[in-house]
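Reading the structure
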Amino acid sequence: MTEIVIGTAGHIDHGKTTLVKALSGIETDTTKEEKKRGMSINLGFAYLEGPNNQKIGLVDVPGHEKFIKNMVAGLPGIHTMMIVIDAAEGVMPQTKEHIDILTLLGINSFMIVLTKINQVDDELKELVIEDLIDYCKETPLEGAPIFETDAIDNVGIDALKQAIYTIANELNPPIEKDEGRLNVDRVFSVKGFGTVVTGTLLDKRLTVNDTLYLYPGNISCKIRSLQVHEQTVKEAYPGQRVAINLSNIATDEIQRGDVLSTLDTGQETWMMDVKVKCLANHLSGINLWNRVRILIGTREVFARVVPIGVETIAPNTEGFLQLRLEEPLRVKQGDHLIIRAYSPMKTIGGGLILDASPDKHRRFKSSVIESLEIKAEGSVEQQLLDFAYHQTSPFTTLSEMQHYLSIEEYELCRLLDEAESQEQIMELTTNTYIHPLRFEQLTKKIMEEISRYHKTYRLRKGMPIKELRSKFNRLGKVTLIDALLTRMTTVNLLKREGDLLALSDFEISFNSYQLKAKESMLNILDQNGYNPTKVEELTKRDKNYIEMLEALNGEEITMLTFEYAISSKKLRDAIQLMCDYIKEHQEMTLGDFRDLTRSSRKSSMLILEYIDQLGMTKRIENKRVLID
């Protein structure tokens, strides 16, 4: 039997709290104010003892319109709702608003419970049932079972319990995802234990000693102990009502509406792309820059509305909105939300988050609308490719895609293999991918950067990779940039020589002035032999000479320092002389090298220090030896 949470919803005084007490034996109106008023203000929590010692969570939500925010806060993680209706009054305004909210939140499993049936005659009861069946037509409640109860006289309670057990038996266990979340609905301190929070656990199990992260703020804390239905447990599972005793965090650091997550990589957002439905009774529709109240999880925030693709979301229609929030939220694609008017406070719509961290959009841009349509209605394959193309970074990891799509890893790998075979996505490094269009956009920018380098330094073989990386370090890890450059080389967009990159069709060509400069410099270096030449003397500060020196550096000329150059051939000869001498004598002094090359002391020092930098020799006091 699967762990489930069942909620109650309905008009004030229709008997929700009394029904929960009859089912569970637990009084959920606990505050003096609630008992004085005779109505629920805060969320009430209880549990029903099922077969095999199973405990089924019950959430009693407030019925009064003033406490709709509290009502919505109790809904995350609920599997089935009991719509509670007084047999003497039938469907009332608050009943309708609750049903609208539940429908907008994607809840589609309902039980209709008529209460106080012993207080009405059969004729009135049948009229109420007929009216109820008519009201439920073409809604998610159509066909929902109707239970006749009277909690005071214990009528119909056993039948209702059996129906709840049947639902629990028929539900499949939820598939665990990569992130566990708990929307905090209560926070308090227990003497001797410290901070305790409660909520319904979503998506992934929790274990004692797990580290959690509180949002907003990404504050780290640890699970000291767990309770489920007043029983201490080692693990809590998705769908359970959980009390968590936390360490390393104080009660004044947490408030209702905060989110506890198992991941520290979550982003807080100031904007959300959503697909919403405007309720039929909100005749003015949802319009540009309307200030609204957003109820999501256990949180309420204010936001401004930006319709996408239309001027307004008309009554009883669906459409796309970008919500500009007045404070940050930690939410996830696929979360449901409710939209209420700023004033007067009434529910006007609700829907589903399509993108939890979007960019600002141009309202009528066709590519934006197309992407939102894919997020809302597209296949998993389409959503995968859309995510890879539209996310901020051009690189997408396996874990990011799994987190976004909420599917099993083996299924995601199958989709990626298929997409890769059809050249719809590219694997750059292990478990890191790029969309072909993003690859094309990036390669264009990289090639433009290298082309500018070629125009500036016409006689250089290519752009140093280190310099190119620095131009694109905003892309992230060096390994990813290098993988991108390797792929560009593989497909013949670039060519690489050592640490230099050039466009594949780039070739150095010398004009007559540059060739003359080359001949002149090589002659000077040959004449000076083992005595390095000052760059100023070599280039005569002439542009053609300077460009030619840069082109020949590392080839026929070697720059020992930024001031001195030597013929590469003479440097190789000097290295050979040095190696032969040390092999025979085990070591060499500066004087020994000077005598061998018949050069000046300063020249010998320049050459030997350069050879040290190459890692061929090392200096021990005033002597040098070869490095093995």
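Residues numbered from 1 in each chain as written. Predicted model: local features only at pLDDT ≥ 70, side-chain atom pairs only at ≥ 80, totals over all residues. Heavy atoms only, no water.

**With respect to the sheet that holds strand β29 (residues 494-497)**
Selection criterion: Two strands pair under a simple rule: DSSP has to find at least two bridges between them. Put simply, DSSP marks the helices as runs of H or I at least four residues long and the strands as runs of E at least two long, and each gets a number from the N terminus on. In what follows, a contact means two residues having at least one pair of non-hydrogen atoms within 4.5 Å. Axis lines are fitted to C-alpha atoms, over the contacting stretch for helices. Their N-to-C directions set the angle, which ranges from 0 to 180 degrees.
Read from one edge of the open sheet, three strands run β28-β30-β29, paired in antiparallel fashion. Both edges of this open sheet fall to β28 (463-464) and β29, since each of them pairs with a single strand only. As paired elements, β29 and strand β30 (residues 500-503) share four bridges and run antiparallel to each other. Bridge assignment links Arg496 to a residue of β30, and that residue is Leu501. Across the face of the sheet, helix α11 (residues 436-456) comes into contact with β28, β29 and β30 while running at roughly 95° to β30.

**Some thoughts on the environment of Ile374**
Tracing the backbone through its elements, the reader meets Ile374 in helix α7 (residues 366-377). Spatially, the C-alpha atoms of Ile374 and Thr617 are 63 Å apart, while their sequence positions differ by 243 residues.

**Here's the deal with unusual backbone geometry**
For the peptide bond that leads from Tyr215 to Pro216, omega is 0°, which places it in the cis range. Note that Pro216 resides in the loop between β11 (211-215) and β12 (219-228). In this model, Ser343 is joined to Pro344 through a cis peptide bond whose omega is -5°. Mapped onto the secondary structure, Pro344 falls in the loop between β23 (336-341) and β24 (347-355).

**Topic: the pairing of strand β26 (residues 426-429)**
With three bridges connecting them, β26 and strand β27 (residues 432-434) associate as antiparallel partners. Opposite Thr429, over in β27, you have Thr432 as the bridge partner. Between β26 and β27, which pair antiparallel one after the other, the connecting turn spans two residues, and Asn431 there sits at a positive phi close to 70°.

**With respect to the pattern of salt bridges**
Selection criterion: For this analysis, a salt bridge means a side-chain nitrogen from Lys or Arg found within 4 Å of a carboxyl oxygen belonging to Asp or Glu. For each residue, the accessible area found with a 1.4 Å probe, counting protein chains only, is set against the maximum for its type, and the residue is called buried under 20%, exposed over 50%, and partly exposed in between.
In this structure the tally under the stated criterion is 35 salt bridges. Close ionic contact of Asp178 with Lys332 constitutes a salt bridge, the shortest N to O distance being 3.9 Å. A residue pair is termed long-range when its members are at least 10 positions apart, and Asp178 in the loop between α6 (157-170) and β7 (181-183) and Lys332 in the loop between β22 (318-329) and β23 qualify at 154 residues. For Asp178, a relative accessible area of 22% puts it in the partly exposed group. Lys332 gets classed as buried once you look at its relative accessible area, which sits at 6%. The closest approach of N and O atoms between Arg291 and Glu326, which form a salt bridge, is 2.8 Å.

**Focus: the pairing of β11**
On a regular strand, one side chain projects to one face of the sheet and the next to the other, so that they alternate. When you tally the buried positions in β11, you get four out of five residues, the bulk of the element. As defined by bridge partners, β11 adjoins β12 across four bridges and the pair is classed as antiparallel. Across the sheet, the residue bridging to Tyr213 is Ser220, located in β12. Between β11 and the antiparallel strand that follows it, β12, lie three residues; Gly217 among them carries a positive phi value of about 110°. Bridge analysis of β11 against strand β16 (residues 259-261) gives three bridges, and the strand direction is antiparallel. Pairing of Tyr215 across the sheet is with Val259, part of β16.

**So, the confidence of the model for the protein chain**
Low-confidence regions, as indicated by low pLDDT, have predicted coordinates that should not be scrutinised in detail. Worth spelling out the cut-off: Each residue carries a pLDDT score, the predictor's confidence in it, ranging from 0 to 100.
On average, residues of the protein chain score 88 in pLDDT, and 94% of them are at 70 or above. Long-range and interchain partners of residues 29-42, a stretch whose pLDDT sits below 50, account for 30 contacts in this model, where long-range means more than four residues apart. Low pLDDT, under 50, characterises residues 63-67; the stretch is placed with 16 contacts to residues that sit more than four places away or in other chains.

**Quick word on the environment of Tyr610**
The topology assignment puts Tyr610 in helix α19 (residues 601-613). On the basis of relative accessibility, which here comes to 18%, the residue Tyr610 falls in the buried class. Taking the C-alpha atoms as reference points, Tyr610 and Met559, 51 residues apart in sequence, are found 9.3 Å from one another. Every residue in contact with Tyr610, bar those within four places of it in the chain, is listed here: Thr558, Met559, Leu560 and Leu571.

**Observations regarding the sheet that holds strand β6 (residues 146-148)**
Ordered in space as β2-β3-β1-β4-β5-β6, the six strands form an open sheet in which the pairing is mixed. Of all the strands in the sheet, just β2 (44-49) and β6 have a single pairing partner and so form its edges. The average angle at which neighbouring strand axes cross in this sheet is 25°, direction not considered. Two elements, strand β1 (residues 5-9) and strand β4 (residues 80-86), share four bridges in a ladder whose sense is parallel. When the sheet's bridge partners are listed, Gly7 is paired in β4 with Met81. With respect to the sheet, helix α1 (residues 16-24) is in contact with β1, β2, β3 (55-60), β4 and β5 (110-115), its orientation differing from that of β3 by roughly 165°. Strands β4, β5 and β6 of the sheet are contacted by helix α5 (residues 122-136), whose axis makes an angle of about 160° with β6.

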